[in-house]
Amino acid sequence: MSQNPCCQGTHAACTERFEIELQSPDDLVIALAGNPNTGKSTVFNALTGMNQHTGNWAGKTVGSAIGRIRHEQHGFTLVDLPGTYSLLSQSADEQVARDFICFGNPHATLVVTDATNLERNLNLALQVMEVTDRVVVAVNLMDEAKRKGITIDLAGLQEQLGVPVIPMTARKGEGLPELKDMLLKIALGEVKPSPKLFPYSEEVERAVAELIPQVEPLVGGVLRPRWVALRLLDGDDSVLAALEQYTMEPPRPIRSGEVVIPQ
Ligand SMILES: Nc1nc2c(ncn2[C@@H]2O[C@H](COP(=O)(O)OP(=O)(O)OP(=O)(O)O)[C@@H](O)[C@H]2O)c(=O)[nH]1
Ligand SMILES: [Mg+2]
């Protein structure tokens, strides 16, 4: 099974940093990201039913939900991240989403998008694709798009992004079986997406190329040097602090803050 390089120890050690307890060390961890109001929680609830609980991120007031499912004899732990427009760590929500995708070592990240607002939503998807290859884009609210007369070239989108695109109407459960199958294939490494990263201006690309050799020894093996170089050019060095925080010995997990929703 493919692992992120940050997972030098066990996979559980990675998720413990986020106070997420895996039921089994073989659990496949899936992160759910997306802009606010795109139906993330609807997808999450449709997948997990009531088999979920809320968790609090260490030292943060931001809540998240953690759910478990079984699919094709594999256990999945799903982490519903706060809705964000970007991963640029300008808010606590964005920082939580960024940190989990970067350091929580999910086996796959699902980006839920709104079919009626795709252009704006793809911004986050493109940012996630800069951090990890293991991405699925769900185009949700397909019923709303149809109602508004919006048609989406799904095959063209998939081709241009280089990652699997799954159309969904989560409210009616449409697209869920296809989504589960794709998440499993990516988590097991049977499908290896090749995100097509969009080049920045010549000037930015030149600066990135100059920075990469300096960034690589600091972050190589854990984060993508290109992505870190882009963050530093943005004036955001919080990613380096996060790197230090999450690559230290994991703290002993405290789970007393978790609220279990009765089944
Ligand atoms: N028509 C339609 N509505 C949907 C669909 N999926 C979700 N919704 C509705 O969209 C609204 C937002 O859904 P949520 O699941 O709460 O969205 P979210 O992304 O979790 O929202 P935040 O957590 O607030 O960012 C709700 O009213 C859902 O019922 C869908 O496929 N079709
Ligand atoms: Mg939600």
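Residues numbered from 1 in each chain as written. Chains lettered and ligands numbered in written order. Predicted model: local features only at pLDDT ≥ 70, side-chain atom pairs only at ≥ 80, totals over all residues.

- An unreviewed UniProt entry annotates the chain as Iron transporter FeoB originating from Tumebacillus avium.

**Here we look at the pairing of strand β6 (residues 135–140)**
So, point 1. Within β6, six of the six residues are buried, which leaves it mostly tucked inside the rest of the structure.
So, point 2. Covered by surrounding structure in β6 are Val 135, Val 137 and Val 139 together with Val 136, Ala 138 and Asn 140, the residues of both alternating faces.
So, point 3. Sheet topology places strand β5 (residues 108–114) next to β6; six bridges connect them, and they run parallel. Bridging from a neighbouring strand, Asp 114 pairs with Asn 140 of β6.
So, point 4. Of the crossover connections in this fold, the one passing from β5 over helix α4 (residues 118–131) to the parallel β6 is right-handed.
So, point 5. By the bridge criterion, three bridges tie β6 to strand β7 (residues 165–167) in an arrangement that is parallel. Its bridge partner lying in β7, Val 137 is registered against Val 165. (Buried ≥ 20, exposed ≤ 12 C-beta atoms within 10 Å, placed from the backbone. Helix = DSSP H or I, 4+ residues; strand = E, 2+ residues; numbered from the N terminus. Pairing = 2+ DSSP bridges. Right-handed = clockwise from strand over helix to strand, strands pointing away.)

**Some thoughts on the nonpolar core**
It is characteristic of soluble globular proteins that their nonpolar side chains tend to be buried jointly.
So, point 1. In terms of nonpolar packing, the biggest core is built from 61 residues, with Ile 30, Leu 32, Leu 110, Val 136, Val 137, Ala 138 and Leu 183 touching the most fellow members.
So, point 2. Each of domain 1 (11–198) and domain 2 (200–251) gives at least three residues to this core. (Core = buried A, V, L, I, M, F, W, Y, C linked by C-beta atoms within 7 Å. Domains from an automatic or database assignment.)

**Observations concerning the site of ligand 1**
So, point 1. In the vicinity of ligand 1, 16 residues are found, and the nearest of them are Pro 36, Gly 39, Ser 41, Thr 42 and Gly 83.
So, point 2. Elements that contribute at least two residues to the shell around ligand 1 include exactly α2 (40–48) and α5 (142–147).
So, point 3. Taken together, the residues that form the shell around ligand 1 break down as three nonpolar, nine polar and four charged. (Near = placed C-beta within 6 Å. Nonpolar A, V, L, I, M, F, W, Y, C, P; charged D, E, K, R; others polar.)

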